[in-house]
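Chain and residue survey
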Amino acid sequence: MTNYSPSEMMSAVAARELANGEVVFVGIGLPNLACNLARALQAPDLVLIYESGAVGAVPERLPVSIGDPSLVTGSLMVCSMADVFQLFLQNGKIEVGFLGGAQVDRYGNINTTVIGKYQKPKVRLPGSGGAAEIAIHAQRVLIISRLNPRAFPEQVDFLTSPGQRCKGKSRQELGMPGAGPVKVITDKGVLQSDPETGEMVLTAIYPDVAVEDVKSNVGWPLRVRDHLDLIAPPGAEELRLLREVLDPKKLYLG
Amino acid sequence: MKSKLVSMKDAIAAHVRDGDTVVIEGFTHLICFAAGHEIIRQRRKDLTICRLTPDLIYDQLIGAGCAKKLVFSWAGNPGAGSLHAFRRAVEQGTPPLEIEEYSHFGMVGRMSAGAAGLPFWPMKNYMGTDLPVANPLIKTVTCPYTGVELATVPALRPDVTIIHAQRADEQGNTQVWGLLGVQKEAAFASQRVIVVVEELVDESVIRADPNRTLIPGMIVDAVVVEPWGAHPSYAQGYYDRDNDFYVNWEPISRDPEKLTAYLDEFVHGVRDRAEYMAKQPGLKERLKAGTRMAAGVNYGF
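Residues numbered from 1 in each chain as written. Chains lettered and ligands numbered in written order. Predicted model: local features only at pLDDT ≥ 70, side-chain atom pairs only at ≥ 80, totals over all residues.

Points about the interface of chain B and chain A
- Counting from both sides, the interface comprises 42 residues of chain B and, opposite them, 41 residues of chain A.
- Among the secondary structure elements, those contributing two or more residues to the side of chain B that touches chain A are α4 (84–92), α5 (104–116), α6 (131–134) and α7 (183–189) of chain B.
- When residues of the side of chain B that touches chain A are assigned to their parent elements, the largest contribution, four residues, is made by α5(B).
- Residue classes in the side of chain B that touches chain A are distributed as 17 nonpolar, 15 polar and ten charged. (Contact = placed C-beta atoms within 7 Å. Helix = DSSP H or I, 4+ residues; strand = E, 2+ residues; numbered from the N terminus. Nonpolar A, V, L, I, M, F, W, Y, C, P; charged D, E, K, R; others polar.)

A closer look at the domain arrangement of chain B
Residue and element names in this part refer to chain B.
- Taken as a whole, chain B is organised into domain 1 (8–103 + 157–287) and domain 2 (104–154).
- Taken over C-alpha atoms, the centre of domain 1 sits 27 Å from the centre of domain 2.
- Taken together, the elements giving at least two residues each to the side of domain 1 that touches domain 2 come down to β4 (98–101) and α7.
- Top contributing element to the side of domain 1 that touches domain 2 by residue count: α7, with four residues.
- Tallied by class, residues from the side of domain 1 that touches domain 2 come to seven nonpolar, two polar and four charged. (Domains from an automatic or database assignment.)

Points about the sheet that holds strand β7 (residues 149–154) of chain B
Residues and elements named next belong to chain B.
- What the three strands build is an open sheet, ordered β5-β7-β6; its pairing is antiparallel. Both outer strands of the open sheet, β5 (120–123) and β6 (139–142), are each paired with one neighbouring strand and no more. In this sheet, adjacent strand axes meet at a mean angle of 40 degrees when their direction is disregarded.
- Summarising the sheet, β6 and β7 pair through four bridges and their orientation is antiparallel. Residue Thr140 lies in a different strand from β7, and its bridge partner there is Ala151. (Pairing = 2+ DSSP bridges. Axes fitted to C-alpha atoms, helices over the stretch in contact; angles between N-to-C directions.)

A few points about the nonpolar core
- By size, the foremost hydrophobic cluster in this structure holds 165 residues, and its most contacted members are Val24(A), Ala35(B), Leu61(B), Ile194(B) and Val195(B).
- When we break this core down by domain, the ones giving at least three residues each are domain 1 (8–103 + 157–287) and domain 2 (104–154) of chain B.
- Aside from chain neighbours lying at most four places away, what touches Leu61(B) is Gly36(B), Ile39(B), Ile40(B), Ile49(B), Cys66(B) and Ala67(B). (Core = buried A, V, L, I, M, F, W, Y, C linked by C-beta atoms within 7 Å. Buried ≥ 20, exposed ≤ 12 C-beta atoms within 10 Å, placed from the backbone.)

Next comes the structure, spelled out in structure tokens:
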């Protein structure tokens, strides 16, 4: 039994990925917690950009939506969405993008569009939003997603946001500017893209998690790096900030 | 000059017709629910409704049977769940709904092309994705300067665009602060424009701070003064987003009977926004914005 939840662990692990001064395209939910946790700890000068147009946001409350008014108050700049996607994202100014999705596959391709066939879906999901272009343009992408075999199929039902290889072609062959998803932060460990093959490989594991437990929750024969890193659990200060300051109502940590 | 001030009822009656392509824009901020409700009250049919995020207002239009087609890029209930009227239409065909789907950047590009008088908008996008397979209107063009292949989306030219804003004068010179979404592009792309504002101000107020004007009166056909017209969306500096409403929409939207009952009570059951607000005592006090004033600047020369 641990004294922290999987959501707290994922938020802390994601926060540790961010360096001070980096420019981050923030999504709502755990990425938002992770970015604000990093800002409170090692990265006070992290620049948070939301697709709604808030640049250098310093939200005084946990934003429920990506267009929350608290993202505007005190920010460095508010711009149109045309500016966000053209001047910031397409122009290469975003260093880190966070994405999640209903399905993440072997190469880090993400599906947020449909489960089943597009024309007659079993489940209609929200769609791309800004995810497709973030996956293409952000200098690197971090995926946050809980493991289970349905969420991690060998191949996504619909390719909304490109990963390291799409239908046999590499990002380079397809002309994508960004490095794509370099890590998948899950509730049991971290997968990292293999620089040679683009495949997502287990490279780090959380305390008290068995490798087999990760493998059995992934829908393809998961490769495991010879040397596995062991990731430290969230420390007292990380947990205090997450629980008392960032998400006291447990909107996302529940 | 003749004032463009009209009631919401008259604005919708004059400018939104059956079969029209309609845009009610606003990204989380300034979504004009009052106009959506009036469209439902006037029982418009066969509309092609376009927005980046359909949000609750298009879920209501779909549930009310006003829409033939939805053009969009992200169809969820932000922070709370699904748009179930939309999902029923797509998953079960009740009622049938055509969809035309892009990403946010794609929708922004469509509106930018429409606003710039161009037939399409080029972008570095969609390589490797299934979006161009799902939507054949996403095409490619070869750049004549570099030879690079670019994605393209077609211009969107709505029949009517409805923009909610903090303030305008009676000619429709409209000022907005806070999140700007794609309102400017949507308005310039449109054949007709309805502006709905929290507050009517004198032209001198607009002229005192022209950098804040997002939409010039020359492209505006009608000005409606409708305080609280964006609820449960919000207007920066006027009222907060009603996040509880968004959460409470989930069970209403999930059950077609509850959805119909909601529309009967809060849309068909009221004449206008003032009656809608009067039905919800305590709402204004709960959501009224705090004060965070910005200093003015010197426009002198």
